[in-house]
Amino acid sequence: MLRSCAARLRTLGAVPGPARRSFSSEKATQKDYSLPNPSWTKDIRLLYDQFMKKCEDGSWKRLPSYKCKSTQRVQNFRNLFLDTKFVEEQTPKAQIFTRSLEEGLGFEYVMFHNEAEKRVVCVFQGGPHLQGNHGYVHGGAIATMIDITAGTCAVLTGGYAMTANLNINFRRPIPLCSVVVINSQIDKIEGRKYFISCDIRSVDEKTLYSEATSLFIKLDPNSLK
Ligand SMILES: CCCCCC/C=C\CCCCCCCC(=O)SCCNC(=O)CCNC(=O)[C@H](O)C(C)(C)COP(=O)(O)OP(=O)(O)OC[C@H]1O[C@@H](n2cnc3c(N)ncnc32)[C@H](O)[C@@H]1OP(=O)(O)O
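Remember, it's a predicted structure, so these values are computed and weren't measured experimentally.

Participant: Would you mind showing me how to read the overall build of the protein chain here?
Facilitator: Across its full length, the protein chain holds six helices and seven strands. In the protein chain, the succession of α and β elements from N to C terminus is α-α-α-β-α-α-β-β-α-β-β-β-β. Here the protein chain holds 225 residues, and the buried ones make up 39% of them. Taking all contacts inside the protein chain whose residues are at least 6 apart in sequence as the whole, residues at least 24 apart take part in 70%.

Participant: Just checking my understanding: could you explain the UniProt feature "domain: Thioesterase" (unreviewed entry) in the protein chain for this structure?
Facilitator: Taking the UniProt record as the reference, the feature "domain: Thioesterase" (unreviewed entry) is found at residues 134-207. In residues 134-207, the share of helix is 27% and the share of strand is 43%. The end C-alpha atoms are 20 Å apart.

Participant: Even after reading the chapter, I still don't get the side chain of Ser 178, so can you show me in this structure?
Facilitator: By the element assignment, Ser 178 lies in the loop between strand 4 (161-170) and strand 5 (179-190). At a separation of 2.7 Å, a polar atom in the side chain of Ser 178 contacts the main-chain carbonyl oxygen of Pro 175. Discounting chain neighbours no more than four positions away, the residues touching Ser 178 are Phe 124, Gln 125 and Gly 126.

Analysis parameters
Residues numbered from 1 in each chain as written. Predicted model: local features only at pLDDT ≥ 70, side-chain atom pairs only at ≥ 80, totals over all residues. Heavy atoms only, no water. Helix = DSSP H or I, 4+ residues; strand = E, 2+ residues; numbered from the N terminus. Buried < 20%, exposed > 50% of the residue type's maximum accessible area, 1.4 Å probe, protein only. Contact = heavy atoms within 4.5 Å. UniProt positions renumbered as here; feature names shortened; annotations may be inferred. Polar contact = N/O pair within 3.5 Å; in protein donor to acceptor, adjacent residues only side chain to side chain.

Written as structure tokens, this is what we have:
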């Protein structure tokens, strides 16, 4: 799927390629899934309101979230890293995994970014279709949320990056339909390597549900084969 040298040259204008889709008009019609909806419980609304207050002085920013991303950032990623044939055939069907379940049944979340602190916080409500053990959120769903929270932290700090390594300690099971806070921060940057730690806690911060460390590698278009 990672694109060939010829495709990269097309992006740079050296070789003519097929016309690219226009993404600007799509964005206007997209629903922002990180805004409150009727499935949100009191807890997630409360935390949403608290973080929105923190956004007022500009130190924190709420991150919008779409089912099919068509922002300039995504368009640039496709141009740089994906094969043109893949983009044309597959991207019309593609959806963000965590936004592909029905409202309230799967991943309900909103992320906030603090640029100065290199942190991303995600307030997450895991719906009934994320069940693993009876009454608890599936570990894969937890890993997914850790990955996208840490991944967002990496991307917003350093640009396009992918998970190279993710280690998770699951300390306590997360009750289904409860609200938890996922906190990620960059611990160290070494060249293209972004070391990011993450924890998941209850709303009152008393329960530590999971802890994780991760390594994200900033993608380098020049290293593609
Ligand atoms: C307004 C709203 C804005 C929102 C913005 C947010 C936008 C997006 C957020 C997205 C979040 C998404 C999160 C989801 C992420 C994923 O799910 S990624 C999917 C899972 N990951 C993969 O599929 C990656 C597969 N691996 C690779 O493609 C490659 O291995 C790589 C790209 C990770 C690295 O390859 P390459 O670029 O060729 O680098 P290398 O030369 O191999 O390595 C560079 C250095 O890193 C070291 N390294 C590599 N891997 C590891 C490892 N696993 N563990 C430890 N170290 C590793 C490697 O040794 C090199 O080190 P040196 O330079 O030699 O010191």
